Structure formats: structure tokens, C-alpha cells
Amino acid sequence: MTAVSAAGSPVTRSASVPRHVAIVMDGNGRWARKRFMPRVFGHKFGMETVVKVIDDCASRGVEYLTVYAFSSENWKRPDEEVSGLMNLVLVGVSKYLQRLAKDGIRIKVAGDRSVVSEKVRQAWNEAEALTAKNTGLTLTVAFNYGGRWDIVQACKRALADGNPPELLSEDVLSRYMALAHAPDPDLFIRTGGEVRVSNFLLWQLAYAEFHFTDCLWPDFDVAELDKAIAAYASRDRRFGGVKEGAGPISTNGASA
Ligand code: IPE
Ligand code: IPE
Ligand code: MG
């Protein structure tokens, strides 16, 4: 229950705060369009928002934050936007990596790195290597990530490792998924008003609580984060069982 804030001091997470928050950061393009600016302008502001949200999550005791930065399907966008997003990785790493590393943030990247440019691959490798030993919040950036890709790559690697197909299980596959380093997300947030998953963590979201907001990602702030955490705190998580104290699981343990 103890995380380390971005400032380096330990923060004890109360039970009403999710341990792992996963965010579909949507709405950058519309945010830019409202300002008569190119879409990449929205992505640039979106990156500043991520940096603030990392701090806000760490100070509330969130231990894992996973952000959807580029989906397997985002290659369909105009070349100019795709190259703008790739360039933002380089800008973001050179501008913020040292600070995040100093603040104790551990960075992980989830997604197919084999098809991105050498420069982008190196930037992600550097971010992971420099922060590997940090013990603060774990930031996972889902980049060229798709939930279906993740399931397929996990199966391939599990089989290539010599696991016999008849012994493949949920536990075995979980060890090969791109988020094997993190517990399943407790809270899923999607900004931008769309109410869909868009191929984000299909396997890992099995029992996450969902929160949707019309707020466009560059406008997401600590008040929005607190709204999402409050919504989470009001949910009754049952994981397929019955509410504790009210039914057969708590009254006679091993029933039905
Ligand atoms: C999300 O914002 C960021 C990425 C997909 C990289 P969008 O670019 O999808 O913004 P909208 O949905 O068009 O407003
Ligand atoms: C999801 O947003 C991907 C990211 C936020 C990186 P999209 O804007 O790509 O999703 P759709 O196309 O509206 O489903
Ligand atoms: Mg979008």
C-alpha cells in the first residue's frame, strides 16, 4: 500500500484509491481544432498533461499508471500526424526523462517496438534502462499497442519458450502479456467523450471499473482525476462473487 510520490516521499494509498489507473488519452485533435490549430499541437499539449498527471497520481498513492499513447490502428492517420507523434516521443524523452528518473518514476513501454524507427526504439530503450531500478510510480506507455496484438504476442512467446499448448493457462499467459510487470488495472479512464475501449488492454481490463469523461485530454487536470477516483471509490467490486457479508461466500465460505 505504500507508493513513492514524484517528490520522492512515501505516500500511503488509502483503499479507496486505485492501485493501477489506465487511461485512454483521447481528444487531443478536437482540442487543437477548437483552437484552429493542427492536430499535432493538441498532442504536444497532451504530453504536458501526461507529465502533470504522473505527479498527481503519485501524490495520491497510485502505484501504476498506464497511458495509451499510440494504438496499433493509429498508423491509419495522415503521415504528417504519425510523424508528429513519433517526433513527440523524442522530444518528450529529451525534455522529461531526467526529471522523471530523478523523481523515482519507473518507465515501461508496452507495444510492438519492432516496427518503429530506430531513433524511437532507442529513446524508449533509454527511458526503460535509466529508470529500471526506480521504486516510485510505474508509468507504462502503451505505444504501437493493441490489445489483440498483446494476446497474440503472449501466445507466441509462451509457445516459443517451450510451454506445452495443453498447459497454457491464464496464469501462464499473464506472464507473457505486455503488462506482466503490473497488476490488472483497477480504474480505466477515457477522456474525449467516446465510450469505447479502442483495442486498449483487452485482457487486463477484465474487472476494471470504467469512467468516461467528455473532458478533452489536454484539459484533464487534478480535479478530473479526483472525480474519476471518487467514482471508483463509490463502486462495489464483486469480481463475480457476492457482496461481502450478504451472501454465501462470506457466510459459509466454500458454498456453490
Ligand atoms: C488521442 O487524441 C491521442 C492519440 C490517438 C495519439 P486524438 O488524436 O484521437 O484526438 P481526437 O479524438 O481526434 O480529438
Ligand atoms: C485511442 O484513441 C488511441 C489512443 C488514445 C492512443 P483513438 O482516437 O485512436 O480511438 P478511436 O479511433 O476513436 O476509436
Ligand atoms: Mg481520438
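(A) Representation of the overall build of the protein chain in the model. Tallying secondary structure elements over the protein chain gives 8 helices and 8 strands in all. Here the protein chain has a C-alpha radius of gyration of 19 Å; the compact-globule value for 256 residues is 18 Å, and the two agree. With respect to the principal axes defined by its C-alpha atoms, the protein chain has extents near 60 × 45 × 35 Å. Within the protein chain, buried positions represent 49% of all 256 residues. Considering only contacts in the protein chain between residues 6 or more positions apart, those separated by 24 or more positions represent 72%. Working note: accessible area of the protein chain is about 12900 Å², and carbon and sulfur atoms make up 54% of it. Across the protein chain, the centroid of the 32 positively charged side chains sits 3 Å from that of the 30 negatively charged ones.

(B) Representation of the pairing of strand S5 (residues 106–110). In terms of burial, S5 is a largely internal element, 4 of the 5 residues being buried. Taken together, the 5 bridges between S5 and strand S6 (residues 138–145) define a ladder with parallel strand orientation. Paired with Arg106 across the two strands is Thr138, which belongs to S6. The β-α-β motif built from S5, the intervening helix H4 (residues 118–131) and the parallel element S6 has left-handed crossover chirality.

(C) Highlighting the site of ligand 1. Taken together, 13 residues lie near ligand 1, and Asp26, Gly29, Arg30, Arg39 and Arg77 sit nearest. One of the backbone nitrogen or oxygen atoms of Gly27 is found 3.4 Å away from an oxygen atom of ligand 1. Between ligand 1 and the protein, one listed contact pairs an oxygen atom with a backbone N or O atom of Gly29 at 2.9 Å. Protein chains shield 88% of the accessible area of ligand 1, which is 380 Å² for the free molecule. Because more than half of its atoms lie within 2 Å of the grid, ligand 1 is assigned to the largest pocket. Only helix H1 (28–34), helix H2 (39–59) and helix H3 (79–102) provide two or more residues apiece to the shell around ligand 1. With 3 residues, the single largest contributor to the shell around ligand 1 is H1. Within the shell around ligand 1, the residues separate by chemical class into 3 nonpolar, 5 polar and 5 charged.

(D) Summary view of the sheet that holds strand S4 (residues 64–71). Read across the sheet, 6 strands follow the order S5-S6-S4-S3-S7-S8 without closing on themselves; strand pairing throughout is parallel. At either end of the open sheet lies a strand with only one pairing partner, and these are S5 and strand S8 (209–212). On average, each strand axis in the sheet is inclined to that of its neighbour by 20°, with strand direction left out of account. Where helix H7 (residues 222–233) meets the sheet, its contacts fall on strand S7 (187–190) and S8, and the angle it forms with S7 comes to roughly 140°.

(E) Representation of the nonpolar core. Core analysis: the largest hydrophobic core is formed by 45 residues, its most contacted members being Ile23, Leu65, Leu137, Leu139 and Phe143. A total of 9 residues in this core trace back to one element, the largest contributor, which is H3. Once you skip the residues sitting within four places of it in the chain, Leu139 turns out to touch Ile54, Leu65, Val67, Ile105, Arg106, Ile107 and Lys108. Ranked by size, the runner-up nonpolar core spans 12 residues in total, among them Ala22, Tyr68, Ala110 and Phe188.

(F) Expanded view of the site of ligand 2. In the vicinity of ligand 2, the residues found are Val24, Met25, Asp26, Tyr68, Ala69, Phe70, Asn74, Arg77, Arg190, Arg196 and Ser198. A distance of 3.3 Å separates an oxygen atom of ligand 2 from a polar atom in the side chain of Arg190. Taking Arg196, its side chain carries an N or O atom lying 2.8 Å from an oxygen atom of ligand 2. Coverage of ligand 2 by the protein amounts to 78% of the 390 Å² it exposes when considered alone.

Rules behind the numbers
Residues numbered from 1 in each chain as written. Chains lettered and ligands numbered in written order. Predicted model: local features only at pLDDT ≥ 70, side-chain atom pairs only at ≥ 80, totals over all residues. Heavy atoms only, no water. Helix = DSSP H or I, 4+ residues; strand = E, 2+ residues; numbered from the N terminus. Rg over C-alpha atoms; globule rule 2.2 N^0.38 Å. Buried < 20%, exposed > 50% of the residue type's maximum accessible area, 1.4 Å probe, protein only. Contact = heavy atoms within 4.5 Å. Areas by Shrake-Rupley, 256 points an atom, 1.4 Å probe, with all protein chains shown as cover. Lys, Arg positive; Asp, Glu negative; His and termini not counted. Charge placed at Lys NZ, Arg CZ, Asp CG, Glu CD. Pairing = 2+ DSSP bridges. Right-handed = clockwise from strand over helix to strand, strands pointing away. Near = heavy atom within 4 Å. Polar contact = N/O pair within 3.5 Å; in protein donor to acceptor, adjacent residues only side chain to side chain. 1 Å grid on protein atoms, 1.4 Å probe; cavity = no way out; pocket = protein on both sides within 12 Å on 5 of 7 lines; lining within 4 Å. Sits in = over half its atoms within 2 Å of the grid points. Nonpolar A, V, L, I, M, F, W, Y, C, P; charged D, E, K, R; others polar. Axes fitted to C-alpha atoms, helices over the stretch in contact; angles between N-to-C directions. Core = buried A, V, L, I, M, F, W, Y, C linked by side-chain atoms within 4.5 Å.

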